[in-house]
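Descriptive structure summary
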Amino acid sequence: MTISRGFSRRAETPAVDLPPGQHLTTGFPVLTAGATQSVSTEKWRFTVTAETGQALQWTWPQMMDLPAETIDVDIHCVTQWSKLDTSWRGVSLDTFFTDVETGFDYVMVHSYGGYSTNLPLVDLLDGKAWIAYEYDGAPLSAEHGGPARLLVPHLYFWKSAKWVTGITMQQFDEPGFWEGFGYHNYGDPWREERYAGD
Amino acid sequence: MKSGTPVTEDNDQRGGPTRGSTRLWRKGTLIGLHSQSQHSRTLDLKVPGWPGHRPGQHIDVRLTAPDGYSAQRSYSLAAPVDGNSVSITVDLVPSGEVSPYLYAVMEICDELDIRGPIGGWFVWEPGEPEIGDGPVMLIAGGSGVVPLVTMLRAWRQTGDQTPVILAYSLRGPDDLMYGRELNELRAVGVDIRLIYTRTVPDAHRRVAGRLGLDDIAIPATGQRAERVYVCGPAGFVDHATALLCAAGYPDAAIRTERFGPSGAD
């Protein structure tokens, strides 16, 4: 660790417990590899596909019929901002996976626009992940992934795919979009897993 | 914290274009300073062991205080690869924590840690088969011009013939970065369009106003660019990509890099 002459902690730096290398933001930065996707709730579909060929699909009204939860969480972006106490509303992945028959351990998440990201299935279950469609009491805006995005707050936020449209079960772990460009395969903020090899 | 210097190097950035370690924190020593606008400056750093990079990639910068407190930010690389030296151009965010140091405090021979290069998506190197004969369009909002100028420098260095357009949106003349260099690039054939949104300098023909369809039009042929790179604040990038969509560009032709309204100083 190199000491930078003349650099010091800002007096107003809040004393909160953040993952290493992160700083607080009060705005909500938008980071996307391409154009913002425009997906209507009429056209929106969410599909979970298992290795058996079984594909369970939900339309927007069908998702609205599922039990929803309010999720109050901190979120952490690999570009070093963290945002505390964000409030979302959405459906737990446990609900979507209730009737999914799979022996595979990994998933690939797909988005409108072609984005993808990979996770172990266990990171989506047991109350750890949601399909979120409200932010701060209002419908999720397109720039933040609306009408619905994946929300996996315990991992860096690139795993929380915007404009989510599907999850495919995989026997083996394969890199998604950013993971293929040198970002970490898993992305735990508390272990500062930013880039491949961290 | 975990981000101490790793013991071994990782020579296999999977899927990435760059050879050599990207995760290793390396010491950077300031060897050059250049004022870039009234609130930005370019810092040249000597970084022993630098593995090289491609135009459009960025680095993480880490500052550490004597009491051990540290802060990290990401900055676009501001110059094509050149041995062991890398450059960043820092726009001052007065309320920020890192940019005021880099903009005003850091002096020649001072040191910091950097790692990278990072990112393999927002990259343009002349000769990419997918782009073919082009043209390539670069659209910058404010300090988003930095990685795009890096691309233009690489274009010029290699003598590439791909037609290239730079649409650069900025509030007023005081915000102009790389002014002289942009004139030189215009002289060697780059179609440079300065879009002043608030204050227009004398003799500039375009009236003040935000980026519009005319600003991203390709003259005469009516064709579209093979690839468009957009970099700037999130709101600007959304506006630009909406225009591109209206102009008929497919998603696959557009690559974006955004920085947030706050926190990304």
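Higher on the page you've got the structure.
Description of the structure in this document.

What follows deals with the sheet that holds strand S7 (residues 136–141) of chain B. All names here are of chain B. Strand order in the open sheet formed by 5 strands is S9-S8-S7-S10-S11, and the pairing between neighbours is parallel. Either end of the sheet is taken by a strand with one partner, and the two such strands are strand S9 (191–196) and strand S11 (254–259). On average, each strand axis in the sheet is tilted by 10° relative to the strand beside it, whichever way the strands run. Pairing geometry for strand S8 (residues 164–170) and S9, over 6 bridges, is parallel. Within S9, the residue paired with serine 169 across the bridge is isoleucine 195. Sheet strands in contact with helix H3 (residues 179–187) are S8 and S9, and its direction is about 140° off that of S9.

This part covers helix H2 (residues 145–157) of chain B. Residue and element names in this part refer to chain B. The end-to-end C-alpha separation of H2 is 18 Å, in line with the 18 Å expected for 13 residues at 1.5 Å each. Of all 13 residues in H2, 10 are buried, a share of seventy percent or more. Its buried side turned inward, H2 meets strand S4 (70–76), strand S5 (85–91), S7, S8, H3 and strand S10 (227–233). Looking at the residues trailing H2, positive phi occurs at glycine 159, about 65°.

Here we take up unusual backbone geometry. As a rule of thumb, non-glycine residues mostly have phi less than zero, and peptide bonds are mostly trans rather than cis. The peptide bond linking A:Gly146 to A:Pro147 adopts the cis configuration, its omega dihedral lying at 15°. Residue position: A:Pro147 is located in the loop between strand S9 (138–139) and strand S10 (149–151). A cis amide bond, omega 0°, links B:Gly116 with the succeeding residue B:Pro117. Considering the arrangement of structural elements, one finds B:Pro117 in strand S6 (residues 111–118). Even without a glycine there, the phi angle at A:Asp85 is positive, about 55°. Structurally, A:Asp85 is set in strand S5 (residues 81–92).

The rules behind these values
- Residues numbered from 1 in each chain as written.
- Chains lettered and ligands numbered in written order.
- Predicted model: local features only at pLDDT ≥ 70, side-chain atom pairs only at ≥ 80, totals over all residues.
- Heavy atoms only, no water.
- Pairing = 2+ DSSP bridges.
- Helix = DSSP H or I, 4+ residues; strand = E, 2+ residues; numbered from the N terminus.
- Axes fitted to C-alpha atoms, helices over the stretch in contact; angles between N-to-C directions.
- Contact = heavy atoms within 4.5 Å.
- Expected span 1.5 Å × (residues − 1).
- Buried < 20%, exposed > 50% of the residue type's maximum accessible area, 1.4 Å probe, protein only.

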